[in-house]
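# Tertiary structure, described
Residue-level listing of the chains:
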Amino acid sequence: ETIKDLVGLDIRGFHLNRLIGAGSYGAVYESSSGTEKIAIKASIKGSDILNEAAALQRLYYCQYTPQYYFHEETPTPNGILHTIGQEFLGPDLESLRRKTPWQAIKRPTLVRIAWQALSCLQAIHSYRLVHRDIKLGNFAISLPTGPNNCVTIKIFDFGLAYNYMDENGDLIDDETNPNFSCMKYCAFEVAMGMEPMPKDDVIQLSYAILYASGYDFPRKLRCPPDELLEWKRELLRVPAQILPPLAQFLTPFYAVLGELNDLVPVDHEMLKQKIQESLPAHNASANLYIEMQDGEETLV
Ligand SMILES: Nc1ncnc2c1ncn2[C@@H]1O[C@H](COP(=O)(O)OP(=O)(O)OP(=O)(O)O)[C@@H](O)[C@H]1O
């Protein structure tokens, strides 16, 4: 509870103004110093914060992730408080999905989101990082810029990210042996006991895209484990038979996911082209904008 009660604290000259939200291992605060606004993530669990700080530092020049500012350890009566200062982002895609009518994102917007989210994965994988926790809630829009409120999608929350390959291209084994098969929304092969690899980030993203299209993915996650595993397998094997009507148009994209494997590097450009082929009349690489519609911030 104390972690959610840090409003008023000053860290590195930044004042914690408002609690934005709390996740499984920490809380995030809107913070400011003069006119500069940043996000400060706080946790008493050092390992995830250290992991996130290392990943964000590695991604320092990456435009698809929040800019890293600092990592600070502050002694408190309850132990050491770990904080990370990072770029302040707009709402995450799960919050934006929830605000849309019917909780379903329209096709032209959805393909642009999918395109940019794939670009995020392409970027972090090029830094030899695998995210391992891909879901709508871990993508957010940037703060709007220009007269039209243009935004870009960024990927965040690197608490579970992992540097899976060294500079020679050799795989690095995760000696902590985390069990990702317990994560309900893990990719099919991860559910089968394999270690998460870049292709599994893409597969998890494909579940997030389905969810954003209006599919009741949380309900599917509540199925008995065998049934859920079977669904994940069949989605890769015969996507046209499994995709719900709302997402049938994405068949060109889902049809190539079954061919992904850990030996051949993920071809993110090809995957983005498949997103484009799914809705040929719209430009999937076009910009995204934030607009007010019926009093709600809407991504278009
Ligand atoms: N850099 C940031 N700028 C603005 N808001 C952020 C930033 N990072 C996280 N948030 C927001 O803070 C809230 C908490 O984020 P966090 O990732 O810690 O938890 P979560 O996604 O709710 O849960 P989990 O830890 O289970 O993924 C979310 O609403 C998220 O959108």
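Worth saying up front: this structure is predicted, and the values here are computed from it rather than measured.

Conventions used here
Residues numbered from 1 in each chain as written. Predicted model: local features only at pLDDT ≥ 70, side-chain atom pairs only at ≥ 80, totals over all residues. Helix = DSSP H or I, 4+ residues; strand = E, 2+ residues; numbered from the N terminus. Expected span 1.5 Å × (residues − 1). Buried ≥ 20, exposed ≤ 12 C-beta atoms within 10 Å, placed from the backbone. Arc of directions from axis to C-beta. Contact = placed C-beta atoms within 7 Å. Near = placed C-beta within 6 Å. Nonpolar A, V, L, I, M, F, W, Y, C, P; charged D, E, K, R; others polar. UniProt positions renumbered as here; feature names shortened; annotations may be inferred. Axes fitted to C-alpha atoms, helices over the stretch in contact; angles between N-to-C directions. Parallel < 35°, antiparallel > 145°, perpendicular 65-115°, else oblique. Left-handed = near helix turned anticlockwise from the far one by under 90°.

For the rest of this paragraph, the subject is helix H5 (residues 198-212). Given a rise of 1.5 Å per residue, 15 residues ought to cover 21 Å, and the 21 Å separating the end C-alpha atoms of H5 matches this to within 8%. Most of H5 sits out of view: 15 of its 15 residues are buried. Positive phi shows up at Gly214, right after H5, with a value of about 115°.

Looking now at helix H10 (residues 268-278). Taken together, the buried positions of H10 are occupied by Leu271, Lys272, Lys274, Ile275 and Ser278. Relative to the axis of H10, the buried residues are bounded by an arc of 155° and lie together on one face. Across H10 from its buried face, at more than 90 degrees, point the exposed residues Glu269 and Met270. Where H10 is buried, its residues meet helix H3 (107-126), H5 and helix H9 (251-257).

Here we take up the site of the ligand. Taken together, 18 residues surround the ligand, and among them Gly21, Gly23, Val28, Ala39 and Leu89 come closest. Where the shell around the ligand is concerned, the elements lending two or more residues are strand S2 (14-22) and strand S6 (79-87). Here the residues of the shell around the ligand sort into nine nonpolar, six polar and three charged.

Let us now look at the UniProt feature "binding site: ATP" (unreviewed entry) in the chain. In this structure's numbering, the residues bearing the UniProt feature "binding site: ATP" (unreviewed entry) are Lys41. Along the chain, Lys41 falls in strand S4 (residues 36-43). With residues up to four places along the chain from it excluded, the contact list for Lys41 reads Gly26, Val28, Thr83, Ile84 and Gln86.

Bringing the packing of H3 against H5 into the picture now. In contact at an axis separation of 11 Å, H3 and H5 are set at 160° when each is read in the N-to-C sense. One way to sum up the angle between H3 and H5 is to call them roughly antiparallel. Classified by chirality, the crossing of H5 by H3 is right-handed. Between H3 and H5, the contacting residues are Leu110, Ile113, Ala114, Ala117, Leu121 and His125 on the first element and Pro198, Asp201, Val202, Leu205, Ile209 and Ala212 on the second.

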